[in-house]
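Notes for the structure review
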Number of protein chains: 4
Amino acid sequence: MNTFGKNFRVTSFGESHGTALGAVIDGCPAGLKLKLTDIQKELDRRKPGQSKITTPRKEKDQAEILSGIFEDKTLGTPIAIIVRNKDAKSKDYKKLKNIFRPGHADQIWEEKYGHRDYRGGGRSSGRETIGRVIGGAIAKKLLGKTKIIAHTEVVGNIFAEKFNIKEIEKNPLRCADKNKAKEMMEAIKQAQKEKDSLGGIVRIEIINPPKYLGEPVFEKLQARLAEALLSIGAVRSFEFGSGLCVADMKGSEQNLEKEGISGGISTGNNISIAIAVKPTPSIAQKQQALNNKGKKVDIEIKGRHDPVIIPRLIPVAEAMCAMVLADLLLEPPSFVSQLK
Amino acid sequence: MNTFGKNFRVTSFGESHGTALGAVIDGCPAGLKLKLTDIQKELDRRKPGQSKITTPRKEKDQAEILSGIFEDKTLGTPIAIIVRNKDAKSKDYKKLKNIFRPGHADQIWEEKYGHRDYRGGGRSSGRETIGRVIGGAIAKKLLGKTKIIAHTEVVGNIFAEKFNIKEIEKNPLRCADKNKAKEMMEAIKQAQKEKDSLGGIVRIEIINPPKYLGEPVFEKLQARLAEALLSIGAVRSFEFGSGLCVADMKGSEQNLEKEGISGGISTGNNISIAIAVKPTPSIAQKQQALNNKGKKVDIEIKGRHDPVIIPRLIPVAEAMCAMVLADLLLEPPSFVSQLK
Amino acid sequence: MNTFGKNFRVTSFGESHGTALGAVIDGCPAGLKLKLTDIQKELDRRKPGQSKITTPRKEKDQAEILSGIFEDKTLGTPIAIIVRNKDAKSKDYKKLKNIFRPGHADQIWEEKYGHRDYRGGGRSSGRETIGRVIGGAIAKKLLGKTKIIAHTEVVGNIFAEKFNIKEIEKNPLRCADKNKAKEMMEAIKQAQKEKDSLGGIVRIEIINPPKYLGEPVFEKLQARLAEALLSIGAVRSFEFGSGLCVADMKGSEQNLEKEGISGGISTGNNISIAIAVKPTPSIAQKQQALNNKGKKVDIEIKGRHDPVIIPRLIPVAEAMCAMVLADLLLEPPSFVSQLK
Amino acid sequence: MNTFGKNFRVTSFGESHGTALGAVIDGCPAGLKLKLTDIQKELDRRKPGQSKITTPRKEKDQAEILSGIFEDKTLGTPIAIIVRNKDAKSKDYKKLKNIFRPGHADQIWEEKYGHRDYRGGGRSSGRETIGRVIGGAIAKKLLGKTKIIAHTEVVGNIFAEKFNIKEIEKNPLRCADKNKAKEMMEAIKQAQKEKDSLGGIVRIEIINPPKYLGEPVFEKLQARLAEALLSIGAVRSFEFGSGLCVADMKGSEQNLEKEGISGGISTGNNISIAIAVKPTPSIAQKQQALNNKGKKVDIEIKGRHDPVIIPRLIPVAEAMCAMVLADLLLEPPSFVSQLK
């Protein structure tokens, strides 16, 4: 199942070292102004080689629109957009053909599907998120004045303390605290020296969300957001509103909180979400792995990898939230007098 | 949208003070042994009046099977099961008709739907979870030797330290640590005295899960579990595997973890999940509320409420996880030679 | 899969000789005026024992509303409605336990599901349509001034020639031509004498349909209507607009036709549909059947059966069309300026 | 909604004169042998310029595989395949920008979506069916020894009388009766002279279908097939098994028929379906049309059009049936002992 959403449906496709990756967005209403640059701008935030702390794989990740847009406006028909793979050095991966990389999905994929594109993880590669970013870019346009801004709150044991929204896109970490960003960069460099990688926490602010999104039972807004964000491979936790802190709150306190969601439905107030992101599993140090005969072997993963995935995961997290909101925005009317 | 799942579909219905609540389970294969007691047993774990720390509302929550079962086996047809409301003291709620209770969905519901059953929250009441527990009971049967066991890990600032699985159903808190359970009970009694309520953390162990559940992109097992659990009203966070701790782990450490899920797919190893549960919003102390004219008013909620919702949320959390697993168990074959 | 529709979703349940049949209608907007009589009125048109040409099985088919309606208006929550089985003479069927009735789904059901409620066909009985009629009754209310009127156009080789809309509910056949209805009745009596049954053609007029229902590719309005009507067991054909006649029309002629649907989308003009209905398979004459050992046996079906099913199929056909229209009426807006 | 199917999901995209058309096939199991030629072969049967009775628009309709296939086998990931538009003479259509062609969806599209690609009908063009043929080609591979063979049964008032399966692909009409095919060709030439077009009937034989496809209530096999075929723009009717003839059959006769479907479920016997196809609406003679100001204007459609669409619709009809069968083949097991 590679389709996300019910009304605003994003069908993602493509393998890391295949011909192309992309997405088909179906259900986007007609008449939305949309240009290639709206898409490319977001892909550029996700692409490799942005800074010293992202993989140097040289992919321009150039988008091409195949359908659904005419005279710079959506037609109400499916919007197909693709990105061709260019710098796919498949040779690097030949020697990994029979080895299951630690922290990766190689082994389970081989078992579940019987047949696997071992080159760079195939569909289980982070390059899969290109389709998400394409879908999210269109969702963001549809959301108009609602803004979804993700930023780095924690790397390792360093916590951002300030929230300066203008700072976010100015540093490679997309951290809203300039000084803490520098400390985080130092920690990352240190991890790189140790041929290791770091994890952290990303916070997502949904500013000025539409009112009345989400439904009272299974389709609570928080449920849909949690599903969306946990579908990103590296994410290990989700919290919103008072989050984990509710464990030690009293009813009289918690009742005073404004969480932006009540009974599963958006109130129009801002929503704040945090997700924990695991350290990149591809590290340069020698590790023990299993091969496809079940034997333990030593591997050193040479490829080109990110010492921390957070800055490139940020546009993906935003995209997932945008897709959820766009999807719910297109829900049928909730009362009968709203019908045409 | 009151249907959960794609293959194993549970459609829930019913309001707190309506005629009946229930669920229709569609997609359950034929030939599964199923008796009324399989359902009733789970409903009894959820029902009010189980102990001093649950609401004294006297509902027997007696299930009736309307369809789908013949000679104690499923027919492959929809299984409809209902629970009639008995002890629905609607009068208690008349005076709340025009007042929006703090921490409840009253106001947003009124705004979104225009028309509302104000008696006990209607569909936004915790009684809605009866349908979930019914669906989960059948899912559990389908899962056979996979066990899903939820227990109280934290109440307020008291943490369980031991994990004695046999202890769980012996104390009112469903806590696996007998002594800590006693401390938690004391804390709850204290909160009750203060006309207040407490929150906490529930841990869910999925023991002996089927292999290969979940899919690599949007339908990762953790995404589906997160959605399922965050759809329970009081839940504010979700974590699995290394959870929040990944923020301060290195790649070399995290790669060694066995989380039971790899690349979104179950490996067959046990899976451990934690969710934070907010304190019950219905408290007896005087609170400020809004009425439907937008004016602030003081209210004291008299009804019959739980000082901590965790023990009754536990069967609901288990049910949601069971439904996710059953749903994914029924996914089509992943490779072509598995086709009949 | 016992759910019909995407936005207006009707989940049907129940076996012919089980405890109860019914439906849960989810996605109906809040604030729609709805009374039990709106449902009962349609069930009464479907129920047995209406006339000499319907089975004398004495079922009052009394509906009970379990949820979703408060103060005679829908709440926007799932509407659950049930009908209990009363006159279920299961004994009549005991002797058919191991025999597969000709023209019925007994054998294929046994093979596909392994386990079967042999009493009156279980879920494959025409009583299953009670859930459809309940769903359709609510859909009709939602459709307001759109009227869906089905009537008998052909029985055997007798064709209605006049269309007098007021006549339809006045004769047992629901035929719009009073005199031809009498001829049809004679033909049916003759078939009854011969212990046989008759088929025919039902025409469905959709009068004053909402504009813009349906979508240009897979979800064309005619595709959805065809699926809906062919899901009724006895239906063997579907045509709309110029129908079969297009085979011998020229482009210059056909281009002038007003079919009410253009490019899959309703234009607001009336839509006319015809479906062919097979003769009832349960007949009193001796027939050859297979038993569950694969042997040929003679059977005489004693039960209580309809010599022609058309008059009771008419409310079901209307219900299916109503459910399609209601479902499409709730589709998201097709262009962006229609968004709130 | 441009996705067809639940398990085997085909998402189609593309406009007649846009950059490319194509499809993403999701849910196809891993390990299926699949080459570009499997797709191209079917596209070639649909492409223009095959014979004198198809439009001379010169599109090679060359397929390119973007994802989902590795070493000539499916990966279990989405298969994206595109066809670029080459011979798109958009200029021909400029003058039709403000005119709604008779028998086309131009006007309703303009009204429903507000924004329209007027070049060749955009998404409402028959070129849209490229995505269907791609999906169907893969479905056919999955179906293995099940064969789906469509052929021309009627053109105008000429009926095929013989069924010689080897003849079908030998004449431009794909008619199984060689001599009648010649007569049909004459009739078409005559219509061309009159600047007009013809309709007819296509019969589809499903040979050696898998057993147990389809479900007893809403998802009857015939319902799914009817929906699939009626979603092809030119189709006006559907019948299967005894079809329309049931109107004049008796129960005792009809009970003896083998229709290949019983109670909505395939029995393994062959299934025969007929659909009526309207004459091509684009004809060269002068016609009256409406423009976007609501005025009547005369038009002569110059483009390049088919005098009968049937031979090119045949691979599309086969594709739709193949997609339905593939989709149902991937349904979850119907009884519990079939679970792994």
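An account of the accompanying structure is given in this report.

1. Remarks on the relation of the copies chain A and chain D
Take chain A, turn it by 180°, move it 0.0 Å along the axis, and it overlays chain D with an RMSD of 0.0 Å. Taken together, the rotation and translation relating the two chain copies correspond to the operation of a two-fold axis. Both copies share a contact surface, since 100% of the interface residues of chain A are interface residues in chain D too.

2. Things to note about the side chain of Ser231(C)
Its location among the elements puts Ser231(C) in the loop between helix H6 (221–230) and strand E12 (235–240). Within polar-contact distance, the side chain of Ser231(C) engages the side chain of Arg132(C) at 2.7 Å. Ignoring anything within four residues of it in the chain, the contact list for Ser231(C) reads Arg132(C), Met320(C), Val217(D), Phe218(D), Lys220(D) and Ala223(D).

3. What about the side chain of Asp196(C)?
By secondary structure assignment, the location of Asp196(C) is in the loop between helix H5 (178–193) and strand E11 (200–207). Look at Asp196(C): it is buried, it has no salt bridge, and the nearest opposite charge is Lys250(D) at 5.4 Å. A polar contact is formed between the side chain of Asp196(C) and the side chain of Ser252(D), at a distance of 2.5 Å.

4. Description of the interface of chain A and chain B
Contact residues are listed per partner, giving 84 residues for chain A and 84 residues for chain B. Approximately 6700 Å² of surface area, both sides summed, lies buried where chain A meets chain B, with 60% of it carried by carbon and sulfur atoms. When the buried area of chain A at its contact with chain B is split by residue, Lys112(A), Phe218(A) and Arg236(A) rank highest and sum to 13% of it. Applying the counting criterion to the chain A and chain B interface returns 6 salt bridges. At the boundary of chain A and chain B, one finds 33 residue pairs in polar contact (both at pLDDT 80 or more). Considering only residue class, the side of chain A that touches chain B consists of 35 nonpolar, 29 polar and 20 charged. Where strand E12 (residues 235–240) of chain A lies against strand E12 (residues 235–240) of chain B, 3 bridges are found, and the strand directions are antiparallel. Bridging from a neighbouring strand, Glu239(A) pairs with Ser237(B) of E12(B).

5. Some remarks on a positive patch on the surface
A cluster of basic residues, Lys166(A), Lys170(A), Lys178(A) and Lys182(A), forms a positive patch at the surface. Structurally, Lys178(A) is set in helix H5 (residues 178–193).

6. Comments concerning helix H3 (residues 106–113) of chain C
By the burial criterion, the buried members of H3(C) are Asp106(C), Ile108(C), Trp109(C), Lys112(C) and Tyr113(C). The buried residues of H3(C) occupy an angular sector of 165° when the element is viewed end-on, so they sit on one face. Looking at the buried side of H3(C), the elements it contacts are strand E8 (99–100) of chain C together with strand E13 (261–262) and strand E14 (265–266) of chain D. Of the residues one or two after H3(C), Gly114(C) is the one with positive phi, at around 75°.

7. Describing the pattern of salt bridges
With the rule as written, the count across this model stands at 120 salt bridges over all chains. Note that Glu42(A) and Arg45(A) form a salt bridge whose closest N and O atoms lie 3.1 Å from each other. With Glu42(A) and Arg45(A) both in helix H1 (residues 36–46), this residue pair falls 3 residues apart, about one helical turn. Classification of Glu42(A) by relative accessible area gives buried; the value is 9%. Note that Asp26(D) and Arg9(D) form a salt bridge whose closest N and O atoms lie 3.2 Å from each other. With Asp26(D) in strand E3 (residues 20–26) and Arg9(D) in strand E2 (residues 9–13), this pair connects stretches of sequence that are 17 residues apart. A relative accessible area of 3% means that Asp26(D) is categorised as buried. Accessibility expressed as a relative area gives 10% for Arg9(D), which makes it buried. One salt-bridge network, in which partners are shared between bridges, spans Glu42(A), Arg45(A), Lys140(A), Glu169(A), Arg174(A) and Glu318(A).

Criteria and thresholds
Residues numbered from 1 in each chain as written. Chains lettered and ligands numbered in written order. Predicted model: local features only at pLDDT ≥ 70, side-chain atom pairs only at ≥ 80, totals over all residues. Heavy atoms only, no water. Least-squares fit on C-alpha atoms with pLDDT ≥ 70 in both. Contact = heavy atoms within 4.5 Å. Helix = DSSP H or I, 4+ residues; strand = E, 2+ residues; numbered from the N terminus. Polar contact = N/O pair within 3.5 Å; in protein donor to acceptor, adjacent residues only side chain to side chain. Buried < 20%, exposed > 50% of the residue type's maximum accessible area, 1.4 Å probe, protein only. Lys, Arg positive; Asp, Glu negative; His and termini not counted. Salt bridge = Lys/Arg side-chain N within 4 Å of Asp/Glu carboxyl O. Buried area = accessible area lost by both parts, 1.4 Å probe. Nonpolar A, V, L, I, M, F, W, Y, C, P; charged D, E, K, R; others polar. Pairing = 2+ DSSP bridges. Patch = residues over 30% accessible without salt bridge, like charges linked within 9 Å, V, L, I, M, F, W, Y side chains within 5 Å. Areas by Shrake-Rupley, 256 points an atom, 1.4 Å probe, with all protein chains shown as cover. Charge placed at Lys NZ, Arg CZ, Asp CG, Glu CD. Arc of directions from axis to C-beta.

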